[in-house]
Amino acid sequence: MKKKNRSGLLAAPMILWSLLFVGATILYIIVLSFLKPNATSGGAVLEFTLENYRKLLQPGYLRVFLQTLKLGIETTLICVAIGYPFGLLMARARGRWKSALLLLVIVPFWTNALVRIYGWRILLMGNGAVNGALMALGLIERPLKLLNTHGAVVLGMAYGLLPFMILPTYTSAEKLDRSLEDAGRDLGAKPWRVFWTVELPLTLPGLKAGCVLVFVPSLALFFISDLLGGPSDVLVGNLVYDQLLKARDWPFAAAISVVLLVVTAIVMGVYRRAGGKSSDMTML
């Protein structure tokens, strides 16, 4: 009992912190989403309504939600295609090579994400380095429209979230018992079969954690679509930003945020049902 009491006392500050700065904030957003907006000065009026959620059923807003989910899936698939093999490669590397590869993944975190996305904006401009290199090589005669396109948004999303796929994969692959792969080869299995039956199942926890760590943030990184996308690339995060600072309709912005919280909870629930563990999510 003494040990349990001691553990409870040690956990008390974290529980109190979570209740005050996480639980209370979420509760405030949920309550705010059921209030009427104050049309004159912004904020909300203490009158209960479901209009904010009914408004979300309009075709224009549903289209934004579907576009955001589509972008999240595209970003996740690209990160899986690039990050999963890279994570396996890092785990197989030895000595200085492993340190160098790990440094390549971690170094971008030393710079603010907004600054890095601005760098991509400069590179993709009509007179930027990418068009300049293509024209110098004779591959194109006039600059391509690379900026303010959906492809640029997908590129920015994948670039910003790729480390969150690589690192969980690397952590799972690093724990892999290589003798199991050797046993499979000794029994005559081809390399692809060894990967499919041994390596993939044992690194699947890292892959699933990486998918969640990429998909969930991709729903809210609105500044990437602002800097790299065009008028048609409006995401849910952009809606929240516009409703808060431009339209000053705080209850509607809160309703959008609540829907995002529900989507996140559903993703986490699917992840748990698929066998995911909290420890896999904190491996970074």
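The paragraphs below set out a description of the structure included in this document. This is a predicted model, so every value here is computed, not measured.

### Examining the overall build of the protein chain
Working step 1: Scanning the protein chain from N- to C-terminus turns up 14 helices and 2 strands.
Working step 2: Once the C-alpha set of the protein chain is aligned to its principal axes, its extents read approximately 75 × 75 × 35 Å.
Working step 3: Relative to its 284 residues, the protein chain shows a buried fraction of 36%.
Working step 4: Contacts in the protein chain between residues far apart in sequence, at least 24 positions, make up 68% of those at least 6 positions apart.

### Here's the deal with the pattern of salt bridges
Should their charged atoms come close, side chains of opposite charge can pair.
Working step 1: Counted under the stated rule, the structure contains 7 salt bridges.
Working step 2: Among the salt bridges present, the one from E199 reaches R92, with a minimum N-O distance of 3.0 Å. Taken as a pair, E199 in helix α10 (residues 191-218) and R92 in helix α3 (residues 59-92) lie far apart in primary sequence, 107 residues in all.
Working step 3: Note on R92: relative accessible area 38%, which makes it partly exposed.
Working step 4: Here E174 and K98 are joined by a salt bridge, their closest N and O atoms 3.0 Å apart. Separated by 76 residues along the polypeptide, E174 in helix α8 (residues 163-174) and K98 in helix α4 (residues 95-106) bring together distant segments of the chain.

### Considering a nonpolar patch on the surface
Working step 1: Residues M14, L16, W17, L20, F21, V22, I26, I30 and L261 make up a contiguous nonpolar surface patch of roughly 870 Å² in combined accessible area.
Working step 2: Ranked by residue count, the leading element in the nonpolar patch is helix α1 (residues 2-32), at 8 residues.

### Section: the packing of α3 against α10
Working step 1: Running from N to C, α3 and α10 point in directions that differ by 135°, and their axes come no closer than 9 Å. As summarised for this structure, α3 and α10 are arranged oblique, according to the angle between their axes. Handedness of the α3/α10 crossing: right-handed. Here L69, G72, I73, T75, T76, C79, V80, Y84, L88 and R92 of α3 lie close against α10, whose contacting residues are F195, E199, L200, T203, L207, C211, V214, F215 and S218.
Working step 2: Across the contact of α3 with α10, the residue classes tally to 12 nonpolar, 5 polar and 2 charged.

### Side note on the packing of aromatic side chains
Working step 1: Under the definition given, this model contains 7 aromatic pairs.
Working step 2: Summarising the aromatic geometry, the rings of F34 and F48 are spaced 5.6 Å apart at their centres and angled 10° between planes, so their arrangement reads as stacked. A residue pair is termed long-range when its members are at least 10 positions apart, and F34 in the loop between α1 and β1 (35-37) and F48 in strand β2 (residues 44-48) qualify at 14 residues.
Working step 3: Here a set of aromatic residues connected by ring pairs shows up, and it is made of F34, F48 and Y53.
Working step 4: Sitting over the ring of F252, K55 keeps its end group 4.4 Å from the ring centre.

### Some thoughts on helix α7 (residues 150-161)
Working step 1: Compared with the 16 Å implied by 1.5 Å per residue over 12 residues, the 17 Å span of α7 between its first and last C-alpha is a close match.
Working step 2: Looking only at α7, the buried set comprises A152, V153, V154, G156, M157, A158 and L161.
Working step 3: In this structure, the buried side of α7 is in contact with α3, α5 (113-124), α8, α10 and α11 (222-228).

### Concerning the layout of surface pockets
Working step 1: Its boundaries defined by the atoms lining it, the largest pocket holds a volume of some 170 Å³.
Working step 2: In terms of lining residues, the largest pocket is bounded by I82, F86, L104, V105, P108, R116, Y159, L162, P163 and I166.
Working step 3: For the lining of the largest pocket, the secondary structure elements donating two or more residues are α3, α4 and α8.
Working step 4: Taken together, the residues of the lining of the largest pocket break down into 9 nonpolar, no polar and 1 charged.

### Examining unusual backbone geometry
Working step 1: Unusually for a residue other than glycine, N148 sits at a positive phi of about 60°.
Working step 2: Tracing the backbone shows N148 in the loop between α6 (129-136) and α7.
Working step 3: Exposure remark for N148: the relative accessible area of 32% places this residue in the partly exposed category.
Working step 4: Unusually for a residue other than glycine, R248 sits at a positive phi of about 55°.

### Quick look at the packing of α3 against α7
Working step 1: Contact geometry for α3 and α7: axes closest at 9 Å, N-to-C directions at 55°. In this view, α3 runs oblique relative to α7, as classed from their interaxial angle. Two packed elements cross with a definite hand, and for α3 against α7 that hand is right-handed. On the side of α3, the interface is formed by K70, L71, E74, T75, I78 and C79, while α7 contributes H150, V153, V154, M157, A158 and L161.
Working step 2: Considered class by class, the residues forming the contact of α3 with α7 number 8 nonpolar, 2 polar and 2 charged.

Here is what the cut-offs are and how they apply
Residues numbered from 1 in each chain as written. Predicted model: local features only at pLDDT ≥ 70, side-chain atom pairs only at ≥ 80, totals over all residues. Heavy atoms only, no water. Helix = DSSP H or I, 4+ residues; strand = E, 2+ residues; numbered from the N terminus. Buried < 20%, exposed > 50% of the residue type's maximum accessible area, 1.4 Å probe, protein only. Contact = heavy atoms within 4.5 Å. Salt bridge = Lys/Arg side-chain N within 4 Å of Asp/Glu carboxyl O. Patch = residues over 30% accessible without salt bridge, like charges linked within 9 Å, V, L, I, M, F, W, Y side chains within 5 Å. Areas by Shrake-Rupley, 256 points an atom, 1.4 Å probe, with all protein chains shown as cover. Axes fitted to C-alpha atoms, helices over the stretch in contact; angles between N-to-C directions. Parallel < 35°, antiparallel > 145°, perpendicular 65-115°, else oblique. Left-handed = near helix turned anticlockwise from the far one by under 90°. Nonpolar A, V, L, I, M, F, W, Y, C, P; charged D, E, K, R; others polar. Phe/Tyr/Trp six-rings, centres within 6.5 Å; stacked < 30°, edge-to-face > 60°. Lys NZ or Arg CZ within 6 Å of the ring centre and 35° of its normal. Expected span 1.5 Å × (residues − 1). 1 Å grid on protein atoms, 1.4 Å probe; cavity = no way out; pocket = protein on both sides within 12 Å on 5 of 7 lines; lining within 4 Å. Points joined across faces, edges and corners; volume = space filled by probe spheres on them.

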